[in-house]
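# Structural characterization, general
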Amino acid sequence: MRFRCTENSPDFCLAVSVLLGCDPFVEGGLHVVIQTTRFGQVEIQDQDILLFSEGILGFAELHKFVLLDDPTDDIFAWLQSCDEPAIAFPVLEPELFAENYKVTLAKTDYEALKMTDLSKARLLCIVTIPDDPTQMTANLKAPVVINIPDRKARQCVLQDNHLAIREPIFAKLQQRVVQNPTQSIKSQSAALEVAVRIQNKNQPEAGL
Amino acid sequence: MLVLTRKLGESIAIDDHIKIRVVQIKGKQVRLGIEAPKETKIHREEVYLAIQDTNKESAATGPEKTRNISKMLKP
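What counts as what
Residues numbered from 1 in each chain as written. Chains lettered and ligands numbered in written order. Predicted model: local features only at pLDDT ≥ 70, side-chain atom pairs only at ≥ 80, totals over all residues. Heavy atoms only, no water. Helix = DSSP H or I, 4+ residues; strand = E, 2+ residues; numbered from the N terminus. Rg over C-alpha atoms; globule rule 2.2 N^0.38 Å. Buried < 20%, exposed > 50% of the residue type's maximum accessible area, 1.4 Å probe, protein only. Contact = heavy atoms within 4.5 Å. Patch = residues over 30% accessible without salt bridge, like charges linked within 9 Å, V, L, I, M, F, W, Y side chains within 5 Å. Areas by Shrake-Rupley, 256 points an atom, 1.4 Å probe, with all protein chains shown as cover. Salt bridge = Lys/Arg side-chain N within 4 Å of Asp/Glu carboxyl O. Polar contact = N/O pair within 3.5 Å; in protein donor to acceptor, adjacent residues only side chain to side chain. Arc of directions from axis to C-beta. Buried area = accessible area lost by both parts, 1.4 Å probe. Domains from an automatic or database assignment. Core = buried A, V, L, I, M, F, W, Y, C linked by side-chain atoms within 4.5 Å. Phe/Tyr/Trp six-rings, centres within 6.5 Å; stacked < 30°, edge-to-face > 60°.

## Notes on the overall build of chain B
If you tally the helices and strands in chain B, you get two helices and three strands. Listed N to C, the secondary structure of chain B is β-β-β-α-α in terms of helices and strands. In terms of overall size, chain B is more extended than a compact globule, its C-alpha atoms giving a radius of gyration of 21 Å where 75 residues would be expected to give roughly 11 Å. For chain B, the spread of C-alpha atoms along the principal axes amounts to about 60 × 30 × 30 Å. Classification of the 75 residues of chain B by burial places 21% in the buried group. The contacts in chain B between residues at least 6 apart in sequence include a share of 0% that link residues at least 24 apart.

Here is the structure:
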């Protein structure tokens, strides 16, 4: 038996699904509201959650994240913790600034991600932005790898010693903007297919 | 922590397939040779510490900062 939950309360959805004797994790999914310090309350569905079973380096206790798309930002997506409102990482796809970037994952990475190759994976690099943004860097040494169908993710430390933990990227991004001025950098990102777009609270949602 | 004493040229074995040998001792520096299966990840500890540091720095970024970058990038 399947039903589609249209109420916003996860408790309500769960209660109805228990009453009906069916799996609450149906098409449309359970709505979950997460708290964030940057974007306020954000409504997501449970299938949007990316599970980092080992956390992220330095944040081993945080396992659930969601990729957020801030419509007022043309470049970055945010990897937001579902449990810790203040923790979110600006991320970029490496294709945007490192054309010849190739990753070789270790067996343990593939096992943790429940994948055998990268065909259904997306990569994201965590970006660090100092006070002078022209000095911003991306971590190519330890990309976040997402198993798209299973929503499993892991920050994989690569063995390749030529990859930088702080790769300067400002000039490369600038070059990309100059070469392709009409298309926003973000719209060239394939990983955004798993991102949740943050609704602008001042505008009514379409269809309501 | 298990602590073992080794002389130059001696090694320790971890599991069945990992061997770590003392290759050179020079003042305060010790060179280690490591034999391990290809899929074993081997890094200096500083690599992990440096990644943790950058992650912590990144997590402290505010959203205004990233929005401003798109303006800065426009020629």
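On we go.
## As for a nonpolar patch on the surface
Residues and elements named next belong to chain B. A contiguous nonpolar surface patch, about 550 Å² in accessible area, is contributed by Leu8, Ile25, Val30, Leu32, Ile34 and Ile42. At three residues, strand E3 (residues 29-35) tops the list of elements feeding residues into the nonpolar patch. On the basis of relative accessible area, Leu32 is assigned to the exposed category, the value being 52%.

## A closer look at the side chain of Asp69 of chain A
Residue and element names in this part refer to chain A. Of note, Asp69 is situated in strand E4 (residues 64-69). At a separation of 3.3 Å, a polar atom in the side chain of Asp69 contacts the side chain of Arg197. With sequence-adjacent residues up to four places away left out, Asp69 is seen in contact with Lys186, Leu192, Ala195, Val196, Arg197 and Ile198.

## Notes on helix H3 (residues 170-179) of chain A
Residues and elements named next belong to chain A. Of all the residues in H3, the buried ones are Phe170, Leu173 and Val177. In a view along the axis of H3, the buried residues occupy a sector of 70°, so they form one face of it. Opposite the packed face of H3, turned more than 90 degrees from it, sit the exposed residues Ala171 and Gln179.

## What about the interface of chain A and chain B?
Residue-level contacts link 48 residues of chain A with 30 residues of chain B. Summed over both sides, the interface between chain A and chain B buries roughly 3100 Å², with carbon and sulfur atoms accounting for 63% of that surface. Taken together, the links from chain A to chain B amount to three salt bridges. Arg166 of chain A is the partner of Glu57 of chain B in a salt bridge, and the nearest nitrogen-oxygen pair spans 2.9 Å. Between the two partners, chain A and chain B, sit 13 residue pairs in polar contact (both at pLDDT 80 or more). At the level of elements, strand E6 (88-92), helix H2 (107-113), strand E7 (121-128), strand E10 (152-155) and H3 of chain A are the ones that each hand at least two residues to the side of chain A that touches chain B. When residues of the side of chain A that touches chain B are assigned to their parent elements, the largest contribution, five residues, is made by H3 of chain A.

## Digging into the domain arrangement of chain A
Residues and elements named next belong to chain A. Here the domain parsing of chain A yields domain 1 (1-33) and domain 2 (37-196). Taken together, the contact pairs eight residues of domain 1 with seven residues of domain 2. Of the roughly 690 Å² buried at the junction of domain 1 and domain 2 (both faces included), carbon and sulfur atoms supply 45%. Along the contact surface separating domain 1 from domain 2 lie zero salt bridges.

## Regarding the nonpolar core
With 31 residues, the main nonpolar core has Leu92, Phe97, Met136 and Leu173 of chain A as its most contacted residues. Going through the elements one at a time, H2, E7 and H3 of chain A together with helix H2 (63-73) of chain B are the ones with two or more residues in this core. If one sorts the elements of this core by residue count, E7 of chain A sits on top with four residues. If we skip the residues at most four places from it in the chain, Leu92 of chain A touches Ile75, Phe76, Phe97, Leu124, Cys125, Val127, Ile169 and Leu173 of chain A. In this structure, Ala77, Leu79, Ile146 and Val194 of chain A belong to the second largest nonpolar core, which totals 23 residues.

## Quick notes on the packing of aromatic side chains
All names here are of chain A. For the coordinates displayed, the defined rule picks out four aromatic pairs over all chains. Residues Phe52 and Phe65 carry aromatic rings whose centres are separated by 5.1 Å and whose planes lie at 70° to one another, so their mutual orientation is edge-to-face. Residue Phe52 is found in the loop between strand E3 (50-51) and E4, and its partner Phe65 is found in strand E4; the two are separated by 13 residues along the sequence. By relative accessible area, Phe52 is classed as buried at 0%. On the basis of relative accessibility, which here comes to 0%, the residue Phe65 falls in the buried class. Taken together, the ring pairs connect Phe52, Phe59, Phe65 and Phe89 into an aromatic cluster.

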